[in-house]
Amino acid sequence: MDQKILSLAAEKTADGLQEFLQILKEDDLTDLLQNQAVRGKTAGALLKAIFKGLPCSEEAGALKRLKIYSCCIQLLESGDLQKEVASEITGLLMLEVHRFPGQLLVELANEFVSAINEGKLTNGKSLELLPIILTALGTKKENLTYGKGELSGEECKKQLINTLCSGRWDHQYVIQLTSMFKAVPLTIEEVEFVVEKVLKVFSKLNLQEIPPLVYQLLVLSSKGSRKRVLVGIIAFFNKLDQQHNEEQSGDEYLDLITVPLDELRHVEGTIILHIVFAIKLDFELGRELLRHLKATQQGDFSSICPFSIALLLSVTRIQRFEEQIHEMIRQEILEQVLNRVVTRASSPINHFLDLLSDIIKYSPLVLQSCSSKVIETFDYLSFLPVQTVQGLLKAVQPLLKVSMSIRDSLILVLRKAMFASQLDARKSAVAGFLLLLKNFKVLGSLSSSQCSQSIGVSQVHVDIHSRYNSVANETFCLEIMDSLKRCLGQQADVRLMLYEGFYDVLRRNSQLANSVMQTLLSQLKQFYEPEPDVLPPLKLEACILTQGDQVFLQEPLDYLLCCIQHCLAWYKSRVVPLQQEEEEEEEGFYQYLDDMLESITNRMIKSELEDFELDKSADFSQSTGIGIKNNICASLVMGICEVLIEYNFFISNFSKTKFETILSLFMCYKKLSDILNEKSGKGKTKMANRPTDSFLSMKFVSDLLTALFRDSTQSHEESLSVLRSSNEFMRYAVNVALMKVQQLKETGHVSGPDGQNPEKVFQNLCDITRVLLWRYTSIPTSVEESGKREKGKNISLLCLEGIQKILSAVQQFYQPKCHQFLKALDATDKEEEEEEVSVSERAAFQIRQFQRSLLNLLSSQEEDFKSKEALLLATVLTSLSKLLKPISAEFVQMLSWTSKICTENSCEDASFCKGMLSLLFNLHVSCKSPVGLLRDLSQDIHGHLGDIDEDVEVEKTNNFALVNLKTAAPTVCLLVLSKAEKVLEEVDWLITKLKGQANQKIIPEEASSQAALTNHPMEKTTIIQLGTLLTFFHELVQTALPSGSCVDTLLKDLGKMYTTLTALVKYYLQVYQPSTGIPKNMEKLVKLSGSHLTPLCYSFISYVQNKHSRSLKCTGEKEKTAAGPTAIARALRETKPIPNLIFAIEQYEKFLIHLSKRSKVNLMKHIKLSTSRDFKIKGNILDVVLRQEEDENEEGTASEHEGQNKEPAKKKRKKEMKCLS
């Protein structure tokens, strides 16, 4: 039949063909066409012949033609046709569309719309015909039946588009449907229909499908609705950013976050790239963006978000919109940053790395044009410190998502570095590969929107619009794992870095669990004794490498076991439950590892120290190979014991047997620790290999302390009594907590899982503090010590030390979370009261507990006073007081209480005295100047130490009972001098500010401006502060201070005092005008300095000189001993500030003379110019030097110069007394 149709179609006329096709039934004709099309035989020719024989001029022919057309559409959707046949049929159908009558076009279009809205499309190949049909329909001028009425062809097209956009679109055809409308002539209203529909579909699509859809939408916007397109895109990504910020509150399951941040940023970057490209082709789109963002500044800030700002900055690359910003500037900025990272690697460069990270994070696609510079930087990785490499790779990580060339270049560099001769280069390679494993996830059961961008190895093409290629991703990660396995044969530092990184890899990329755990298992087998009766269970000898006389650690077996334990715990708690829900059982490696760890535990308990050759008779010195080896072995055994302690606690389920096992492991650890401490005590230096950290994780320490001190569950009581029976074990647990907190303070993070996660560390700090606080307040140190005395620190005291360290760490690293921290400590707190309780109130509640403890301690007998505890309590109170609001009632109460303690309690402990007085100063400074406090304390110091003139009896003031003969010097004296220095610095700053203001105000309007300057409040404050400080120094320079730091510091501070006074005099020289004169309070200050300070300074200098003279005379009488040169050196050092002080006094007097001449006011009438400078030339220091050279005349020379020195001093003393009178 097909041959006959083809032969009839070849004739010159179509009459015969038309007659033949008229007698054929429609079903026969469609069956024939379907068979030929599926077979691929002459389907195109047959279809062409059929259309020729069925003219649209006849109704019957048109209807048959419609039937054939519908049949062809079904064939295209079936997917049974060969590609060439489908393309040929599609082309013929496109050509025939315009010959259809308008009514049939309406029917065809309705069939398409129904199929789309009802989800009947199977592959969407027929959608290429719909724009042709709609276009043809729009050209029909006659009225056509549509629904119950008649419409023109253009109106029918509009209704069809409206119906299509009102229905449901299958997400897999959204991009194709959007692209289809490009070929359809649309009115503005029709464009709005389509744009609104597409924007609504955004939220239902996979995130990776958005960029190609946006591209099609931007092309469509050239027909209209540019603003709506841009507003919709910006609003969508603003919503995603907000959603991500909400989900970032916790990262318990890092690979389960709905929208991973790296994927979101990558998609946003691609969208921005498309928009910028579209704006380059359609400048009106760019103008619309600028108009929209400018309009938001008038009040609607909904479009101001990170995405819109990044988009706007990217558009500035187009010269039409921002000529001043060019690509070369951006490249120059990046080049300068990278150069500093490479060339200044030895100095702190964290700020450069942070800047680089910010640049790349917010515009990774823009920086692709600078990829050559980034790739060039990679060549230096082998020569950079490991920390710099880690920071650099972390910063450029977003670029690896969008640039295959950058990623492949990095992989090549890392592979070369893996076999470099430098150790740091190999460690850098490990750091780089671990980073790649953490960030390029292997897909499992998760949807593609929940994972990061798929990046395969170099042979896999990357298409940012394609779906994930899980096979390529897995291949890429497994290749990296193969490279990392080679590290297991390298030095201990490289292996250790790998073990420390595997946990984060597993947690972020859970699909690699099998590969990671199998790698760790095979490594452990090399050192594991499989026979159950062999002791010890691990081959420690194999972990140590001996090269000649040198001994090294080859395998950090403790870190390997620690890595296995943490990975196994995470796998069993996170992955196994999910597998059980999905009815997937995959015991394999983790059950095998459980059995191995159980066996190691049992045999470690049975093993004696002799089995490890580590008994007390072993050599642990650092000078012999055997000693170094034993130290390494001991460190390994102790680490293994700690790992097994945590493992057994994790699987114990509060089993008494397991807790007995834990205690046995601890006793093994304790024995070795005691031996090491004993051996190190006998040596001259501490052993270098002693552990400075614990393998216990911070979360475990928190759980352990909670169980030991707070768990009151009845079912746990029997098992926990095993651990609680050992004070040594409980002391050990608290000590580890202290160790972790100290590590946090020093490095900003802690070792172990989640040790670099600030949120997790903060939560652990809250939990640990709550337990330690309960333990300290429930069982005070006095109660604990009244029982059985044991070797080691008091547990309650350790708890207090831990509280003190944690408070310091929280204020150092978590200052914004102090309120949350205090809330976590209050076990009685209720959620509904959260807004009602302020930080000051919460801090005051904790302060009251420690105040009671301190009062109890102070009320105890003198022999029971605990200096260490008192100092810790003072430090804790100081930390908590910083959280009080200065104007609050709680702050006033704290200040009053502290002042009362310092006033009424006498204590001879210097450290506690310093702690409490420091607290008092800190509180004073928060609300008022401490100069009055300084004056009162100086009077107490003077009263207890006596006067420099032995004939003068000083009346004791007793302002503060804490100041007594034992604490006055050097403790209190040095403290008040340091506080006085800070006040002088503040006064100097005030004077400098006054000078700056004066420079701006003084020009023509002299009288008015000077009046303002004279009455300036800062002037008055400055003079009052200096006047009170002067009375402070007036007391101290009359005090018989002991030689040493007190005298030295006082002389230096007196010099600073006169320098500040000189600065104030210079200021008045600068601003003086005859109409205003010198302020009266300034005149009083000058008078006070001349009568109460300067004369006493010279007396104090004489006192110091004479005291040293007597000291050196005693030294000289011992002939030439080793003490002679030492005493001379000390004398030279302690008298060095004297000439500086005299110079400062003379400078002050010099400028006072200038001011007196200018102001016509005799400011020098209370000041006598200094005349006794000669004692510096003929002083006792020179006497001793000459005495050593002329040994025979030693006594005569000494007495002669001593007499020369004393006589002027006596005369001066009399004159000074006259001045004071």
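Quick caveat, the model's predicted, so the values are computed rather than measured. (Residues numbered from 1 in each chain as written. Predicted model: local features only at pLDDT ≥ 70, side-chain atom pairs only at ≥ 80, totals over all residues. Heavy atoms only, no water.)

### Remarks on the overall build of the chain
Helices and strands together make up the secondary structure of the chain, namely 51 helices and four strands. Put simply, the chain has 1221 residues, and 53% of those count as buried. Restricting the contact set of the chain to residue pairs at least 6 apart, pairs at least 24 apart contribute 73%. (Helix = DSSP H or I, 4+ residues; strand = E, 2+ residues; numbered from the N terminus. Buried < 20%, exposed > 50% of the residue type's maximum accessible area, 1.4 Å probe, protein only. Contact = heavy atoms within 4.5 Å.)

### Notes on the confidence of the model for the chain
Interpretation of the predicted coordinates at a detailed level should be avoided for regions scoring low in pLDDT. Averaged over every residue, the pLDDT of the chain is 80; residues scoring 70 or more account for 77%. Within the model, pLDDT remains below 50 along residues 1174-1178, and this stretch shows 14 contacts once partners closer than five positions in the same chain are excluded. Across residues 1192-1221, confidence stays below pLDDT 50; counting only partners more than four residues off in sequence or on other chains, it has 29 contacts. (pLDDT = per-residue confidence, 0-100.)

### Overview of unusual backbone geometry
Cis geometry marks the peptide bond from leucine 535 to proline 536, where omega comes out at -10°. In this structure, proline 536 sits in the loop between helix H25 (513-525) and strand E3 (544-547). In the segment running from alanine 969 into proline 970, the intervening peptide bond is cis, with an omega of 5°. For proline 970, the position within the fold is in helix H42 (residues 968-1001). Unusually for a residue other than glycine, phenylalanine 654 sits at a positive phi of about 60°.

### Details of the pattern of salt bridges
For the structure on display, the rule yields 26 salt bridges. Among the ionic pairs, aspartate 282 bridges to arginine 226, the shortest N-O distance being 2.8 Å. Here aspartate 282 is found in the loop between helix H14 (261-281) and helix H15 (283-296), whereas its partner arginine 226 is found in helix H13 (residues 226-247), with 56 residues between them in sequence. The exposure class assigned to aspartate 282 is buried, which follows from its relative accessible area of 17%. What you see here is one network of salt bridges that share partners, running through Asp504, Arg507, Asp754 and Lys760. (Salt bridge = Lys/Arg side-chain N within 4 Å of Asp/Glu carboxyl O.)

### Quick notes on the pairing of strand E4 (residues 550-553)
For E3 and E4, the ladder comprises four bridges, and the chain directions are antiparallel. When the sheet's bridge partners are listed, isoleucine 544 is paired in E4 with leucine 553. Between E3 and E4, which pair antiparallel in sequence order, lie two residues; one of them, glycine 548, sits at a positive phi of approximately 65°. (Pairing = 2+ DSSP bridges.)

### Some words on the packing of helix H44 (residues 1017-1036) against helix H46 (residues 1080-1092)
Remark: H44 packs on H46, axes separated minimally by 10 Å, with the N-to-C direction vectors making an angle of 15°. In terms of orientation, H44 and H46 fall into the roughly parallel class. Relative to H46, the crossing made by H44 is left-handed. From H44, Lys1020, Ile1023, Leu1026, Gly1027, Leu1030, Thr1031 and His1034 reach across to H46, where they touch Asn1081, Met1082, Leu1085, Leu1088, Ser1089 and His1092. (Axes fitted to C-alpha atoms, helices over the stretch in contact; angles between N-to-C directions. Parallel < 35°, antiparallel > 145°, perpendicular 65-115°, else oblique. Left-handed = near helix turned anticlockwise from the far one by under 90°.)

### Re the environment of leucine 1088
Within the secondary structure, leucine 1088 sits in helix H46. Overall, the relative accessible area of 24% leaves leucine 1088 in the partly exposed class. When the C-alpha atoms of leucine 1088 and glycine 1027 are compared, they prove to be 7.7 Å apart, with 61 residues separating the residues in sequence. Contact partners of leucine 1088, with chain neighbours within four places excluded, come to Gly1027, Leu1030, Thr1031 and Leu1093.

### A word on the environment of leucine 797
Note on placement: leucine 797 falls in helix H35 (residues 795-813). On a C-alpha basis, the gap between leucine 797 and leucine 872 in space is 8.7 Å, while along the polypeptide they are 75 residues apart.

### Observations regarding the packing of helix H24 (residues 492-508) against H25
Direction vectors running N to C along H24 and H25 enclose 150°, while the axes themselves pass 10 Å from each other. Taken together, the axes of H24 and H25 lie roughly antiparallel to each other. When you trace H24 past H25, the crossing you get is left-handed. Across the interface between the two elements, Arg495, Tyr499, Phe502, Val505 and Leu506 of H24 pack against Ala513, Val516, Met517, Leu520 and Gln523 of H25. Looking at the contact of H24 with H25, its residues break down into eight nonpolar, one polar and one charged. (Nonpolar A, V, L, I, M, F, W, Y, C, P; charged D, E, K, R; others polar.)

### Quick word on the side chain of arginine 426
Here arginine 426 is to be found in helix H22 (residues 423-439). As a buried residue without a salt bridge, arginine 426 has its nearest oppositely charged side chain in aspartate 493, at a separation of 8.6 Å. In this structure the side chain of arginine 426 is engaged in a polar contact, spanning 2.9 Å, whose partner is the side chain of glutamine 490. Among the polar contacts made by the side chain of arginine 426, one reaches the side chain of glutamine 491 at a distance of 2.6 Å. Excluding its chain neighbours within four sequence positions, the residues that come into contact with arginine 426 are Ala417, Met418, Ala420, Ser421, Gln490, Gln491 and Val494. (Lys, Arg positive; Asp, Glu negative; His and termini not counted. Polar contact = N/O pair within 3.5 Å; in protein donor to acceptor, adjacent residues only side chain to side chain.)

### Digging into helix H40 (residues 910-927)
The end-to-end C-alpha separation of H40 is 26 Å, in line with the 26 Å expected for 18 residues at 1.5 Å each. Buried residues of H40: Phe912, Cys913, Gly915, Met916, Leu917, Ser918, Leu919, Leu920, Phe921, Leu923 and His924, and no others. (Expected span 1.5 Å × (residues − 1).)

### A closer look at the packing of aromatic side chains
As enumerated under the stated definition, the model contains 20 aromatic pairs in all. Consider the rings of tyrosine 559 and phenylalanine 695, whose centres lie 4.7 Å apart with planes at 70°: the pair is edge-to-face. Remark: phenylalanine 695 occurs in the loop between helix H29 (656-682) and helix H30 (698-709) and tyrosine 559 occurs in helix H26 (residues 557-581); sequence separation between them is 136 residues. On the basis of relative accessible area, tyrosine 559 is assigned to the partly exposed category, the value being 28%. Taken together, a centroid distance of 5.2 Å and an interplanar angle of 80° make the contact between phenylalanine 666 and phenylalanine 729 edge-to-face. Taken together, the residues phenylalanine 666 in helix H29 and phenylalanine 729 in helix H32 (residues 727-747) connect sequence positions 63 residues apart. (Phe/Tyr/Trp six-rings, centres within 6.5 Å; stacked < 30°, edge-to-face > 60°.)

### As for a nonpolar patch on the surface
Together, Tyr215, Val219, Phe277 and Leu281 make up an exposed nonpolar region whose accessible area comes to about 370 Å². Looking at the nonpolar patch, the elements that each hand over two or more residues are helix H12 (210-220) and H14. Among the secondary structure elements, phenylalanine 277 is positioned in helix H14. Its relative accessible area of 43% is what places phenylalanine 277 among the partly exposed residues. (Patch = residues over 30% accessible without salt bridge, like charges linked within 9 Å, V, L, I, M, F, W, Y side chains within 5 Å. Areas by Shrake-Rupley, 256 points an atom, 1.4 Å probe, with all protein chains shown as cover.)

### Looking at the environment of asparagine 1162
Tracing the chain through its elements places asparagine 1162 in the loop between helix H49 (1137-1159) and helix H50 (1180-1189). Residue class for asparagine 1162 comes out partly exposed when judged on its relative accessible area of 49%. Along the primary structure asparagine 1162 and glutamate 1083 are separated by 79 residues, whereas in three dimensions their C-alpha atoms are 9.5 Å apart. A polar side-chain atom of asparagine 1162 sits 3.4 Å from the main-chain amide nitrogen of lysine 1165.

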